[in-house]
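So the chains spell out like this:
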Amino acid sequence: MSNTSLLSEAARSFLAAPPAYLDPGSGSFLLQLLLAGILGGLFVVKMSWSRIKGFFRRMFGRGQNPDEHGR
Amino acid sequence: MSMAGNLRPGSSFRDPSGFLFTRGGVLYRQVNRSYRAAYDQLMESGLYRELVDAGEMIPHEAVNVAPAERSLAALVVRPDPLDFVSYPYEWSFTQLKDAAGLTLAIQKRALARGLSLKDASAYNIQFHQGRPLLIDSLSFEPWKEGEPWVAYRQFCQHFVAPLALMAHVDVRLGLLLRLYIDGLPLDLASRLLPWRTRLRPGLLTHVHLHAASQRRFAGTAPASRTSARMSRNAILGLIDSLESTVRGLAWSPGGTEWAAYDQSHNYTPGALEQKRRLVRGYLQRIRPSMTWDLGANVGSFSRLAAEAGSTTIAFDLDPSAVDVHYRRCRVEGEKRVLPLLLDLTNPSPAQGWNHRERMSLAERGPADAVMALALVHHLAIANNVPLPLLAETLAGYGGSLIVEFVPKKDSQVQRLMASRQDIFPGYTLEGFEQAFRQTHKIRASERIEGSERILFWMERR
């Protein structure tokens, strides 16, 4: 993507965001913000853990078929 | 609402991003100028293509058609038509769970491309050719790091709360969605759920704490309370947490195995085969493209209509049967059958704003063919519906009718009458034929061997 198109993407999203027609609800908004640290932290731990598992799985020669662990 | 030959469905008015209209029998969606940038980002980011290719979103085509409201319009698109519109209160547990899973999967794909779902309404999902599908192409907005998920509350009300109640209290509580058109109030769900659900981190967070937070912060502006931001990892963590919460909700249909359902009838194998052959023969002569199978159970006869090339809506009263049927269709890749929950004695009404947001069952018809197999005794005897009224109602649902008369002598009818007086002197074969001749022409009829039951093929007069 060129610089100009990146710029226009950013400009578009700031200048012309569609109207938020749902009331997100103060309580629902604040709960997310209050839990943001925990949710983000748990997510990072989970992702790292699956990377570590993936590393060992590869090391011991299992999981050669990438579909094996897909849904 | 009608403007110069355009009809606007009563459900399409909330979102200023655009609306649906029909013209000349074709359904279009007007995209308004206020949504133009988000629409372009949906298309240009590759998200639209990704979702359509994954079979997760309905395809649409930009068309050169005059908009319905020119002053607002950016463009007009024509979405692929749906065979049938169904509503969350007509879905079984697994159907609602699949729709929830799809919504979250779409949100993850959107976030990866700088967009986010701006609504998470269960009504934006429809079952089409055996799979749930997002039907609203105006549901996305650009996501800027730092912003919480605008549709979090809606997702919890439409999906997490009803699924939790169905899994942890009683599956019939899914019908609360019929009462609360924007999803279950979380304070209500929190009160109804057993205390032990507070020990589950997902339900604790998304229902109980969520309800408490709504109570605590009602009417305050979020910005005044915190300067916290929602990082990318935080919003991905939120979606991940919702995913594992939904995945962790389980319900098994009455502890029964699938097979047990097919055996709850009165037929010898020979009689069952004969009944199948007769139904198949009638269907081949009717050649319906839309069939409603009323009282379909787990759909052994719905399958015959599908095999005859008909889209088939398989209604049943029993949430277990509908769930078993849906799971079976999903496993077998059956695309033409849609199992739905319906109580014929109190079918889905027209409701929502001005009674026009959600269509009644009748408004979604008529079908070409209606099947009512092993059903009339439940309506005429268990629910006291006089036979002429029954004939009239079935005539309203579709032109061709395959109907089975189950006489009083039948053990299933005896069971229904065991605890009550016989106030049905007119419930005889003669009475049945006489009632139905008022509304229908009998084209064929045959007794099912080894029983007193008679199968009819009728056409509406």
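This one's a predicted model, so the numbers in the text were calculated from it and none came from an experiment. (Residues numbered from 1 in each chain as written. Chains lettered and ligands numbered in written order. Predicted model: local features only at pLDDT ≥ 70, side-chain atom pairs only at ≥ 80, totals over all residues. Heavy atoms only, no water.)

## Some thoughts on the overall build of chain A
Scanning chain A from N- to C-terminus turns up 2 helices and 0 strands. Split into buried and exposed, the 71 residues of chain A put 27% on the buried side. Within the structure as shown, chain A displays about 5,200 Å² of accessible surface, and the carbon and sulfur contribution to it stands at 64%. (Helix = DSSP H or I, 4+ residues; strand = E, 2+ residues; numbered from the N terminus. Buried < 20%, exposed > 50% of the residue type's maximum accessible area, 1.4 Å probe, protein only. Areas by Shrake-Rupley, 256 points an atom, 1.4 Å probe, with all protein chains shown as cover.)

## Details of the environment of F13(B)
Residues and elements named next belong to chain B. Within the fold, F13 resides in the loop between β2 (6-7) and β3 (18-23). Residue classification places F13 among the partly exposed positions, given a relative accessible area of 34%. Between the C-alpha atoms of F13 and E357, which are 344 residues apart in sequence, the distance is 9.1 Å.

## Structural notes on helix α7 (residues 201-217) of chain B
At L209(B), α7(B) shows its largest kink, close to 35°. Turning to α7(B), its buried residues are G202(B), L203(B), T205(B), H206(B), V207(B), H208(B), H210(B), A211(B), S213(B) and F217(B). (Bend = angle between axes of the 7 residues up to and from the residue.)

## What about the interface of chain A and chain B?
Contacts between the two partners involve 29 residues from chain A, matched on the other side by 46 residues from chain B. The interface formed by chain A and chain B includes 1 salt bridge. The partner of D240(B) in a salt bridge is K46(A), and the shortest N-O contact between them spans 2.8 Å. Elements with a contribution of two residues or more to the side of chain A that touches chain B: α1 (3-15) and α2 (26-59) of chain A. When residues of the side of chain A that touches chain B are assigned to their parent elements, the largest contribution, 16 residues, is made by α2(A). Considered class by class, the residues forming the side of chain A that touches chain B number 18 nonpolar, 7 polar and 4 charged. (Contact = heavy atoms within 4.5 Å. Salt bridge = Lys/Arg side-chain N within 4 Å of Asp/Glu carboxyl O. Nonpolar A, V, L, I, M, F, W, Y, C, P; charged D, E, K, R; others polar.)

## Some details on the layout of surface pockets
Take a probe with the size of a water molecule and roll it over the atoms, and the empty space left behind shows itself. Residues and elements named next belong to chain B. Its boundaries defined by the atoms lining it, the largest pocket holds a volume of some 1,400 Å³. The element contributing the most residues to the lining of the largest pocket is β3, with 4 residues. Tallied by class, residues from the lining of the largest pocket come to 23 nonpolar, 12 polar and 14 charged. (1 Å grid on protein atoms, 1.4 Å probe; cavity = no way out; pocket = protein on both sides within 12 Å on 5 of 7 lines; lining within 4 Å. Points joined across faces, edges and corners; volume = space filled by probe spheres on them.)

## Regarding empty space enclosed by the protein
Residue and element names in this part refer to chain B. Scanning all chains against the criterion turns up 5 cavities of 30 Å³ or more. When its volume is computed, the largest cavity comes out at roughly 100 Å³. For the largest cavity, the lining is made up of 13 residues, of which D83, F127, Q129, T311 and L338 are closest to its centre. Mapped onto the lining of the largest cavity, the elements with two or more residues apiece are β8 (125-128), β12 (311-316) and β13 (337-341). Mapped onto the domain boundaries, the lining of the largest cavity takes at least three residues apiece from domain 2 (88-247) and domain 3 (258-460). As a volume, the second largest cavity reaches approximately 80 Å³. Lining the second largest cavity are P88, Y89, W91, S92, F93, M166, V171, R172, G174, L175, P319 and L341. (Domains from an automatic or database assignment.)

## Section: the nonpolar core
With 116 residues, the main nonpolar core has F140(B), W149(B), F155(B) and W292(B) as its most contacted residues. Ranked by residue count, the leading element in this core is helix α4 (residues 152-168) of chain B, at 10 residues. Every residue in contact with W149(B), bar those within four places of it in the chain, is listed here: Q32(A), L104(B), Q107(B), S116(B), L117(B), A120(B), F155(B), I235(B), L238(B), I239(B) and L242(B). Of all hydrophobic cores here, the second largest spans 19 residues; its members include L283(B), F301(B), M371(B) and I448(B). (Core = buried A, V, L, I, M, F, W, Y, C linked by side-chain atoms within 4.5 Å.)

## Observations concerning the domain arrangement of chain B
How big an interface is tends to be stated in terms of the accessible area lost upon association of its parts. All names here are of chain B. For chain B, the assigned domains are domain 1 (10-79), domain 2 (88-247) and domain 3 (258-460). At the junction of the two partners, domain 1 supplies 4 residues and domain 3 supplies 4 residues. Both sides together, the interface formed by domain 1 and domain 3 hides about 340 Å², and carbon and sulfur atoms give 49% of it. Ranking the residues of domain 1 by area buried against domain 3 places G10, S11 and F13 at the top, with a combined share of 81%. Linking domain 1 with domain 3 are 1 salt bridge, by the criterion used here. One salt bridge connects E357 with R14, and the closest N-O pair in it is separated by 2.8 Å. Its residues placed into classes, the side of domain 1 that touches domain 3 shows 1 nonpolar, 2 polar and 1 charged. (Buried area = accessible area lost by both parts, 1.4 Å probe.)

## Things to note about the packing of aromatic side chains
All names here are of chain B. Throughout the structure, instances matching the rule amount to 20 aromatic pairs over all chains. When the ring of F19 is compared with that of F21, the centres are 6.2 Å apart and the planes differ by 55°; the resulting orientation is tilted. Here F19 and F21 have matching classes, each one buried. A network of ring pairs unites the aromatic residues F405, Y427, F432, F436 and F456 as a single cluster. Against the face of F19 rests R8, its NZ or CZ located 3.7 Å from the ring centre. Over the ring of Y123 we find R358, and its NZ or CZ is 3.8 Å from the ring centre. (Phe/Tyr/Trp six-rings, centres within 6.5 Å; stacked < 30°, edge-to-face > 60°. Lys NZ or Arg CZ within 6 Å of the ring centre and 35° of its normal.)

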